[in-house]
Amino acid sequence: MLSEYPETSSVSPVAPRRQWIVVGAIAAVFLVATVLRFYQLDVRPFHHDEGVNHHFIEEVIRRGYYPYSHENYHGPLFFYLLTGFMLVFGDGEAAFRALPAVSGILLALLPFCFARTLGLRAAFFGGLLLATSPSLIFYSRYTIHEMLFALAQVVLGLGVFTWWRTRAPAQWYVIWFAMMSLVTLKETFVVSVFWIVLALLSIATPRGVLAALGTSARHIGRAYLASLAFLFFVFSGGFRWFEGLREMIQAFPQWLGRGTSSDPGHFKPMGYYIDDVLWPAEPVTLIVTALAGVLLFYSLGVRFRRGGLTAIGRHDVSGGLPFSARTDLLSFLFVWSAGTLVTYCAIPYKTPWLIISFVAPAMILGGVLCALATESRRFEIRSLGWVIVAVGVLFDSRESFRFNYRSSPTMETVLRLRSMPYGDGNPYTYVHTTDGMRDFVEDLKRYLRFNPSARIVIGVDGYWPLPYYLRNVTDRAGYQRVEDPVAIQGDYDVIVAEHTFEWDGGGDFSRKYYRFTGASETHTYFRKIEGFQ
């Protein structure tokens, strides 16, 4: 039975037929995750942050290391890996997004690496939910730290739980390297580590944890030292820029202040993640978390009735519930995911991509619940379980289509579903670049075909990610505040100014309006040349 809980990591013979089932399950999740992450990978224009990250990659290539600064908040590991991907695949929009896409695929496959802990069926359902999650797909197609962070976070969480169940000392190499990877990615590692530790303490006593740690002390020490060397190596730019270690220490207090007091421009109501992001686009995560909570409280009630308060502390007592073998696993995943969501709701600073730190463990929790239902000995529960799995995956796939891809008018008519891969109406986008910036870039490319030596000035504040789009004409493109386009008309052929200027071009320039983002509008002046209108 897949529901039987493995107590050790011993390897047992696997029947050939079962081997094919395992291979088929992995292949199915891999195929779904890959298609959903690479299809139309360049459908969205670059976001401000993607443009800035490309600039940092250019710095890495120029210097040979990333000069980490605590003022930039996010750690250097992402930039080193992204540089490697760029050197291999180039810097086109789709190629530049290959790292988060691959990270999203690995995240969907990760439950299979812990199949002895989760159970094969739970690993399959969890992987399928991870593969089709609308938010995980969205941020797998977005070159920021988040997806790589979610991958390392899930490795850490499942690694901690696996160590507790098996007491395998080697698991500490997984745990410490996952931990240090989180530290080298984002300051929000504090939230993730805090709730993973509390999740462990929800299924174990502090005394029991300390006793188990004592039996693995030597391996823990070795793994810690090796991972600490990795941390120093990354932050010091390969031991070439030790200033990065000081910057690392300064990052946390600045991040803490940003999240609670110093950056009100990103402050949102407590219910933002639930009311504005998850419930409109991904209610499956909230439903499975709530269901797990109900089941666990019911289990505690049964324990209390059978043995009083002392029974609640005995983790091998399940009250005879059908999910008895996985009560600890449900408790761990529930505390981890629900606690993470509550914390991010309580912190005033909110951006939509932070939700995937909750979504990833919640999808694994959903996979465990689906496995429990479909493994039931009662036909009606088993049938209902399969229906729930089908509905959940289909609903997530439908929302993924809405918020990640551009469809044809025929498809929208047949499916009665308007797609919005970015911009207004998409809960995952945040001050995103509009089609207007792409229109400007296309018009500029066309203009440069008629006037290859044209000089360009970008005189608006919200110009990112234009440096990425203009990376091939950096010698002729300048970025400075334009107070009066009339005063500089003799120096430039293309002048991008704030839309508040009402100059008509004076006969030498044509004027065109573009909206770059929701907060950035421009009147752009093109020097008149034959052939360009």
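Just above, that's the structure.
Here is a short report on the structure shown in this document. Once a new chain begins, its residue numbering starts again from 1 and follows that chain's sequence as written. Two thresholds apply to this predicted model, a pLDDT of at least 70 for residue-level local features and 80 or more for giving and counting side-chain atom pairs, whereas whole-chain, interface and lining totals are computed over all residues. Computation of side-chain values covers all heavy atoms of the structure but excludes hydrogens and water.

### Details of the packing of helix α7 (residues 120-132) against helix α19 (residues 356-374)
Piece 1. Axes here mean lines fitted to C-alpha atoms, for a helix over just the part in contact, with angles spanning 0 to 180 degrees between N-to-C directions. The secondary structure listing takes helices from DSSP runs of H or I that are at least 4 residues long and strands from runs of E that are at least 2 residues long, numbered from the N terminus. The geometry of α7 relative to α19 is characterised by a closest axis approach of 7 Å and an angle of 135° between their N-to-C directions. Looking at the two axes, α7 sits oblique to α19. In this structure, the crossing between α7 and α19 has a hand that is right-handed. Every residue of α19 that contacts α7 at R121, A122, F125, G126, L129 and L130 is listed here: A360, M363, I364, G366, G367, V368, C370, A371 and T374.
Piece 2. As a working rule, the residues Ala, Val, Leu, Ile, Met, Phe, Trp, Tyr, Cys and Pro are called nonpolar, Asp, Glu, Lys and Arg charged, and the rest polar, with Gly in that last group. Class assignment of the residues belonging to the contact of α7 with α19 gives a composition of 10 nonpolar, 4 polar and 1 charged. Here the word oblique covers every angle except those under 35 degrees (roughly parallel), over 145 (roughly antiparallel) and from 65 to 115 (roughly perpendicular). Crossings are sorted by hand: turned counterclockwise from the far helix by less than a right angle, the near helix makes the crossing left-handed, and turned clockwise it makes it right-handed. Contact definition: two residues touch when any of their heavy atoms are within 4.5 Å.

### Observations regarding the sheet that holds strand β2 (residues 477-479)
Backbone hydrogen bonds are what pair the strands of a sheet, in a parallel or an antiparallel way.
Piece 1. Whether two strands pair comes down to DSSP finding at least two bridges between them. Strand order in the open sheet formed by 5 strands is β2-β1-β3-β5-β4, and the pairing between neighbours is mixed. Each edge of the open sheet carries a strand with a single partner, namely β2 and β4 (509-517). Within the sheet, the average angular offset between the axes of one strand and its neighbour, ignoring direction, is 20°.
Piece 2. Here strand β3 (residues 494-498) runs beside strand β5 (residues 520-527); their pairing, made up of 5 bridges, is antiparallel. Considered in β5, the bridge of I495 is made with Y525.
Piece 3. Set on the sheet, helix α22 (residues 435-450) makes contact with β1 (456-458), β3, β4 and β5; between it and β4 the angle comes to about 145°.

### Concerning the pattern of salt bridges
Piece 1. Take a side-chain nitrogen of Lys or Arg and a carboxyl oxygen of Asp or Glu: if they are within 4 Å of each other, that pair is a salt bridge. Overall, the coordinates contain 22 salt bridges when judged by the stated rule.
Piece 2. Between E146 and K186 there is a salt bridge; the shortest N-O distance is 2.6 Å. Placement of the pair is E146 in helix α9 (residues 146-166) and K186 in the loop between α10 (171-183) and α11 (189-201), with a sequence separation of 40 residues. Of the two residues, E146 and K186, neither departs from the other in class, the shared state being buried.
Piece 3. Across the pair E243 and R246 runs a salt bridge, and its minimum N-O distance is 2.0 Å. Placement of the pair is E243 and R246 together in helix α14 (residues 243-262), with a separation of 3 residues, close to one helical turn.
Piece 4. Three labels apply to residues, based on accessible area from a 1.4 Å probe with only protein chains included: buried if under 20% of the type maximum, exposed if over 50%, partly exposed otherwise in between. Judged by relative accessible area, E243 falls into the partly exposed class, the value being 33%.
Piece 5. One salt-bridge network, in which partners are shared between bridges, spans D461, R481, E483 and E498.

### With respect to the packing of aromatic side chains
Piece 1. Stacked, tilted and edge-to-face pairs are distinguished by plane angle, under 30 degrees for stacked and over 60 for edge-to-face with tilted covering the rest, among Phe, Tyr and Trp rings (Trp via its six-membered ring) whose centres lie within 6.5 Å. All chains considered together, the criterion is met by 42 aromatic pairs.
Piece 2. Summarising the aromatic geometry, the rings of Y68 and F235 are spaced 5.1 Å apart at their centres and angled 80° between planes, so their arrangement reads as edge-to-face. Note that Y68 is positioned in the loop between α2 (48-63) and α3 (77-89) and F235 in helix α13 (residues 217-235), a separation of 167 residues in sequence.
Piece 3. In textbook terms, an aromatic cluster arises when at least three aromatic residues are bridged by ring pairs, as seen for F138, Y139, Y142, W353, F403, Y428 and Y430.

### Some points on a nonpolar patch on the surface
Piece 1. What makes a patch is a set of residues exposed beyond 30% relative accessible area and free of salt bridges, joined within 9 Å when like-charged and within 5 Å when nonpolar (Val, Leu, Ile, Met, Phe, Trp, Tyr). A 1.4 Å probe and the Shrake-Rupley method give the accessible areas. Residues count as covered only by the protein chains that appear here. Among the surface-exposed residues, F232, F233, F239 and F242 lie close enough to one another that they form a single nonpolar patch of about 410 Å² accessible area.
Piece 2. Relative to the helices and strands, F242 resides in the loop between α13 and α14.

### Examining α9
Piece 1. Here the expected span of a helix is defined as 1.5 Å times the quantity of residues minus one. Helix length check: α9 (21 residues) gives 30 Å between terminal C-alpha atoms against 30 Å at 1.5 Å per residue, within 8%.
Piece 2. The buried count for α9 comes to 20 of 21 residues, which makes it a mostly enclosed element.
Piece 3. Once α9 finishes, R167 follows within two positions and takes phi at roughly 60°, a positive value.

### Considerations on the environment of F177
Piece 1. With respect to the secondary-structure elements, F177 resides in helix α10.
Piece 2. In this structure F177 comes out as partly exposed when scored by relative accessible area, which is 30%.
Piece 3. Expressed as a C-alpha distance, the spacing of F177 and F230, which sit 53 residues apart in the sequence, is 8.1 Å.
Piece 4. Once residues within four sequence positions are removed from consideration, F177 is found in contact with A223, A226, S227 and F230.

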